[in-house]
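Architecture at a glance
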Amino acid sequence: MSMIPEHLRAVADNVVAEAERDPRVLAVLAGGSVATGTGDEHSDLDLVLVCTAEGQPACLAEAKEFAGRVGPLLTSFTGEHVGEPRLLIALYGPPLVHVDLKFVTPDGLRTRVEDGVVLWQRDATVDRIRQESAPAWPQPDPQWIEDRFWCWVHYTAVKIARGELFEAIGALDALRSAAIAPLATLGRTARPAGVRRFETLAPELVPELRATLADADPEDCLRALRAAVDVYRKVREGVEVVRRTAAEEAVVDFLG
């Protein structure tokens, strides 16, 4: 457990202890910053509980009860909002600790973004799966981005024109996370994650990305949107895509 930041160790130890007592649970893996060795005092705890195929549905149904046994649980909820119904997101405290508990079957573990660190295992199931399959972290698809970017820009411009400024500010955030940052950090990290760690991955672009931030003011939102177009065009240089030139020209003309 030495790789786990100190503020997370008690909960991690308790999860392992509860897993050992439940014959349906075969292993506990730690992912995220623990797996990459980058954990710090601000880290969350990302845990995968590998369950038997027969026992996983019941384990998932009882996830909140499980979470309640491993620490002072303040609140918890399932992860449908991020497309992961096998996930329970929990907040413990005090001190405040964020923990993700994902309950998967052995077959479900075959499709994974990382191997993680084995904190405990009942048998060799995890070792066997790792020998038979490999993790794959989702990578940006520049063409997917280019095909959508100009439509997103037009959407944002229309919201500004209509006076829906908070919607426009949210759309600018999406442009940064889903388009600009993925292209800007392409090839600079094996684990791209939107704007996370943008400051260290592409420090030379921080001033230009900062210019895409806007106040709830029509002129400032429009300025920020034009800045987003400029930085997108910059990070697109050198990336192989079929440019949607007609859409680009029409949308840029629309911005004025």
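Preceding block: the structure.
I will try to describe carefully the structure that is included in this document. Predicted model, so just to flag it, every value in this text is computed and none were measured. Residue numbers here run from 1 along each chain, matching the order of that chain's written sequence. Reporting of local features is limited, given that this is a predicted model, to residues whose pLDDT is at least 70; pairs of side-chain atoms are given and counted only at 80 or more, and all residues count toward the totals for whole chains, interfaces and linings. Excluded from the side-chain calculations are hydrogens and water; all other atoms, namely the structure's heavy atoms, are used.

Attention now goes to the overall build of the protein. In terms of regular secondary structure, the protein is built from 12 helices and 6 strands. Projected onto its principal axes, the C-alpha coordinates of the protein cover approximately 65 × 40 × 30 Å. Categorising residues by exposure relies on relative accessible area from a 1.4 Å probe, with only protein chains included: less than 20% of the type maximum marks a residue as buried, more than 50% marks it as exposed, and the intermediate range marks it as partly exposed. Taken over 256 residues, the protein has a buried fraction of 43%. The contact criterion used is simple: two residues touch if any of their non-hydrogen atoms lie within 4.5 Å. A fraction of 60% describes how many contacts in the protein between residues 6 or more apart in sequence connect residues 24 or more apart. Entry remark: accessible area of the protein is about 13,100 Å², with carbon and sulfur atoms responsible for 55%. Placing the 28 positive and 40 negative side-chain charges of the protein at their respective mean positions leaves the two points 2 Å apart. Note on conventions: DSSP H or I runs of at least 4 residues are helices, E runs of at least 2 residues are strands, and numbering of each starts at the N terminus. Where accessible areas are quoted, they stem from the Shrake-Rupley method and a 1.4 Å probe; at the residue level, only the protein chains shown are allowed to cover. This count recognises Lys and Arg as positive and Asp and Glu as negative, with His and chain-terminal groups excluded. To locate a charge, take atom NZ for lysine, CZ for arginine, CG for aspartate or CD for glutamate.

Two strands make a pair as long as DSSP finds a minimum of two bridges between them. Pairing is mixed in the open sheet, where 6 strands are placed in the order 3-4-5-2-1-6. Pairing within the sheet leaves two strands with one partner each, and these edge strands are strand 3 (73–79) and strand 6 (117–121). On average, each strand axis in the sheet is tilted by 20° relative to the strand beside it, whichever way the strands run. In this structure, strand 1 (residues 25–30) lies alongside strand 6, joined through 4 bridges in antiparallel fashion. By the bridge assignment for strand 6, Val28 is matched with Trp120. Every axis in this analysis is a line fitted to C-alpha atoms, fitted for helices over the stretch in contact. Angles between the N-to-C directions lie between 0 and 180 degrees.

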